[in-house]
Amino acid sequence: MNTPVRSSRIGKTLYGFLFVVVVPALLVLWAEMTGPYVHAPVPGSLRLGVITGLTGFVIMIAGMAALIMYGNGLPMNPYPPRFYVSRGIYRLISHPIYAGFSLLSIGSAIALRSSSGLWLVSPLLILGCASLVQGYEKQDLIRRLGPALPKPLISLPANEARVPTIAERVSVYVLVLFPWLVLYEAVSALGIPPDAIRAYFAFEKHLPVYEWTEIVYGSTYLFVFLAPLVARSARSLREFSVAGLAGTGLVTLLFIAVPFIAPPREFTPQGFLGSVLMQERSLDTAAAAFPSFHVVWAFLAARVYAQAMPSWRLPWRLFAVLISLSCITTGMHAIVDVIGGLVVVAAVSRIDTLWESVRRLTERIANSWKEWRIGPVRIINHGMYGGAGTFIGLLIVCTLLGPDYVGPASIAAFSALIMAALWAQYIEGSPSLLRPYGFYGGVLGVILGSLAAPLFGASTWLLLGAYSVAGPWVQAAGRLRCLVQGCCHGSEAPPVLGIRYLRPQSRVYRLANLAGVPVHPTPLYSIIWNVFTGIIVARLWSLHVSVTLVAGLYLILNGLGRFVEESYRGEPQTPIIRGLRLYQWMAIVSTAAGAIVTTVDASVAVPAPAFSLISFVAAAGFGLITWFALGVDFPKSNRRFSRLA
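This part covers the overall build of the protein. When its secondary structure is counted, the protein shows 21 helices and 7 strands. In terms of overall size, the protein behaves like a compact globule, its C-alpha atoms giving a radius of gyration of 27 Å where 645 residues would be expected to give roughly 26 Å. In terms of principal-axis extent, the alpha carbons of the protein reach across some 85 × 70 × 50 Å. Burial analysis of the protein (645 residues in total) assigns 50% to the buried set. Considering only residue pairs separated by 6 or more positions, the protein has 78% of its internal contacts joining residues 24 or more positions apart. Taken as a whole, the protein presents about 30100 Å² of accessible surface, with 71% of it coming from carbon and sulfur.

A word on the sheet that holds strand β3 (residues 371-374). Ordered by their spatial adjacency, 3 strands build an open sheet running β3-β4-β7, and the pairing between neighbours is antiparallel. The open sheet has two free edges, formed respectively by β3 and β7 (632-633), since each of these has just one partner strand.

This part covers the side chain of Ser188. In this fold, Ser188 is placed in helix α5 (residues 166-190). At 2.9 Å, the side chain of Ser188 and the backbone oxygen of Tyr184 are in polar contact.

The next thing to look at is the packing of aromatic side chains. Applying the stated rule across the entire model yields 22 aromatic pairs. Where Phe240 meets Trp297, the ring centres are 5.7 Å apart and the plane angle is 50°; that geometry is what we call tilted. Within this pair, whereas Phe240 is found in helix α7 (residues 234-257), its partner Trp297 is found in helix α9 (residues 293-308), the two being separated by 57 residues in sequence. Taken as a pair, Phe240 and Trp297 share a single burial class, namely buried. With 5.5 Å between their ring centres and 85° between their planes, Phe255 and Phe293 make a pair best called edge-to-face. With Phe255 in helix α7 and Phe293 in helix α9, this pair connects stretches of sequence that are 38 residues apart. For Phe293, a relative accessible area of 6% corresponds to the buried category. Aromatic rings pair up to connect Trp180, Tyr184, Phe240, Phe255, Phe293 and Trp297 into one cluster. Looking at Arg562, its charged tip hangs above the ring of Tyr583, at a distance of 5.1 Å from the centre.

A separate point is the pairing of strand β4 (residues 377-380). Both β3 and β4 contribute to a ladder of 4 bridges, which runs antiparallel. Residue pairing in the sheet places Arg373 in a bridge with Arg378 of β4. Counted along the chain from β3 to the antiparallel partner β4, the turn is 2 residues long, and its residue Gly375 has a positive phi close to 65°.

A word on the state of the cysteines. For the structure shown, the criterion picks out 0 disulfides. Cysteine Cys488 shares no disulfide, and the gap to the nearest cysteine sulfur, in Cys482, comes to 3.6 Å.

To continue, consider helix α10 (residues 313-329). Given a rise of 1.5 Å per residue, 17 residues ought to cover 24 Å, and the 24 Å separating the end C-alpha atoms of α10 matches this to within 8%. Buried residues of α10: Trp316, Ala320, Ile323, Ser324, Ser326, Cys327 and Ile328, and no others. Buried residues along α10 sit in contact with α6 (214-230), α9 and α11 (335-348). Two residues or fewer past α10, Gly331 is found with a positive phi of approximately 75°.

Let us now look at the pattern of salt bridges. A complete count under the given rule lists 17 salt bridges for this structure. Put simply, Arg378 and Asp633 hold a salt bridge, and the shortest N to O gap is 2.7 Å. With Arg378 in strand β4 and Asp633 in strand β7, the pair connects residues that are 255 residues apart, well separated along the chain.

Here α6 contains 17 residues, and its C-alpha end-to-end distance of 24 Å stays within 8% of the 24 Å for a straight helix at 1.5 Å per residue. Within α6, the axis deviates most sharply at Thr220, by approximately 30°. Residues of α6 that are buried include every one of Glu214, Val216, Tyr217, Thr220, Phe223, Val224, Ala227 and Pro228, and no others. Of the surrounding elements, those touching the buried residues of α6 are α5, α7, α8 (272-282), α9 and α10.

A cis amide bond links Phe290 with the next residue in sequence, Pro291, at an omega value of -5°. One can find Pro291 in the loop between α8 and α9. Residue Arg113 is not a glycine yet carries a positive backbone phi of 60°. Its location among the elements puts Arg113 in the loop between α3 (96-112) and α4 (115-145). Notably, Asn513 is not glycine yet its phi reads approximately 55°, a positive angle. Assignment of secondary structure puts Asn513 in the loop between α17 (507-510) and α18 (522-542).

Conventions adopted
Residues numbered from 1 in each chain as written. Predicted model: local features only at pLDDT ≥ 70, side-chain atom pairs only at ≥ 80, totals over all residues. Heavy atoms only, no water. Helix = DSSP H or I, 4+ residues; strand = E, 2+ residues; numbered from the N terminus. Rg over C-alpha atoms; globule rule 2.2 N^0.38 Å. Buried < 20%, exposed > 50% of the residue type's maximum accessible area, 1.4 Å probe, protein only. Contact = heavy atoms within 4.5 Å. Areas by Shrake-Rupley, 256 points an atom, 1.4 Å probe, with all protein chains shown as cover. Pairing = 2+ DSSP bridges. Polar contact = N/O pair within 3.5 Å; in protein donor to acceptor, adjacent residues only side chain to side chain. Phe/Tyr/Trp six-rings, centres within 6.5 Å; stacked < 30°, edge-to-face > 60°. Lys NZ or Arg CZ within 6 Å of the ring centre and 35° of its normal. Disulfide = S-S within 2.5 Å. Expected span 1.5 Å × (residues − 1). Salt bridge = Lys/Arg side-chain N within 4 Å of Asp/Glu carboxyl O. Bend = angle between axes of the 7 residues up to and from the residue.

Structure below.
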């Protein structure tokens, strides 16, 4: 046997052992070790858990078998099948192995009554699978087999004017409505948050309940359920699907982030409809109320009906209005829930227009370079974004922990700035890039600087937890600087997605030779993901969960998002190692490190937030220093660290 064949067999064996034995074992261990810190209730029963887990296992095995039988290869990324597989279970769905593994994880957690397995490990596993597909497998398939790959039967409807197929109609139920139901029930299962706020205005408690309007309120379910069957074009069905998915994601995030509740207003049933209304209340929760899903789905469905029956356009829209009003007249929702639902509808119904507006604004910022010369000194406008980001970040940290932490927090901030410069100098420094800065160097700097906290009688873990809450907002502001400077830029993209750089000072223009070419707005992708991450970790901090859970989750979410973002980048100076960009490997390290951090027992009390003048002054001072470091340079000099561009 020759050496390459032997090496290939050893590699396949080790890879198979890693993902069939080691990874599942580590996930179980992770759930066990984080169990003491996750206390959310586990819904369902042993039977439900077993059925869900077995279903996932069967789907996963069917996917593996199909790749081996029809793809002439193995279900392994380093040793992919030679042919694209569209038979077997792949005829139905795109990623059965990941879907099955996710269901197996959820089912196991329910069956074993593992709160951490259900609410921490399984959601992050699902996000991890999505990150791997979007950040590697999708591009790898296109690179090896071309972009024109057949779609499975269960997929989003095509953007075409033709009549939708049966498979497309069914796909809406499987990919849109069923995930909505699961997420809604998941949030409901979490129960009333400990810091819940009643969303009612004072006058609403005097509003009567009209039980006969349950006819309208209850009809929402049938109205929405029939919408995919009513649609007359695949385009209409696709618009409903995309808006529904966006609405589901946005509303679910608001359910988690905003602790508004709407306990149904009391009334005495007078008849059959009153009894039906009481029965519906017993099956619902006051927690999943803001914004109202009834409002969102009613208007999205009404648009489908109006497109299918244009002459009835006004009646369908009026019916959606009546459903919205019934949310109040039945006492099921507060007025603010309905208003929130209308705002979500306005956003997701015009998601293409909204994206185009954001894309154009992003392109405008990317081409907003301005500079001023004072002798040998150059002041560049993009430095203000870096300064604003660190000002906001340090102010958040010092406010969360109080004025006693101004010293330790400032040391960590300075350490981050220094390490960001040293890191990028080692990775990217060159005659063309004399003063770059690197995100992972900044993260390492915060960690090293926080180790000095005990010298001031402070807690390292508290400091790291607070910086995890501030981190997403610091990076989001910093990405605006990236847009102007042209660092962290994307590869070529379709015009509908891409932004064009026209300024000769930009790295996209000078180093990547992509002037005027649409490129992925990767800094914008990062901003969007950082906003999501920032909301999640801030909410966990407000609930006083373990600071190590907050810090670990930040590292995990940041790593998952960065892995995908890097796959769309186009910087020529970033090394590629074994098919992945360097920072994709760093993202994997960040994710693994975050998982380890979540298991650490750090029994420290989180102090009450306290704003102080000294915190503001320290944050402002460091913001000015960062502004100078990231926005002021000496363009005529060739010394190390002298030039930014």
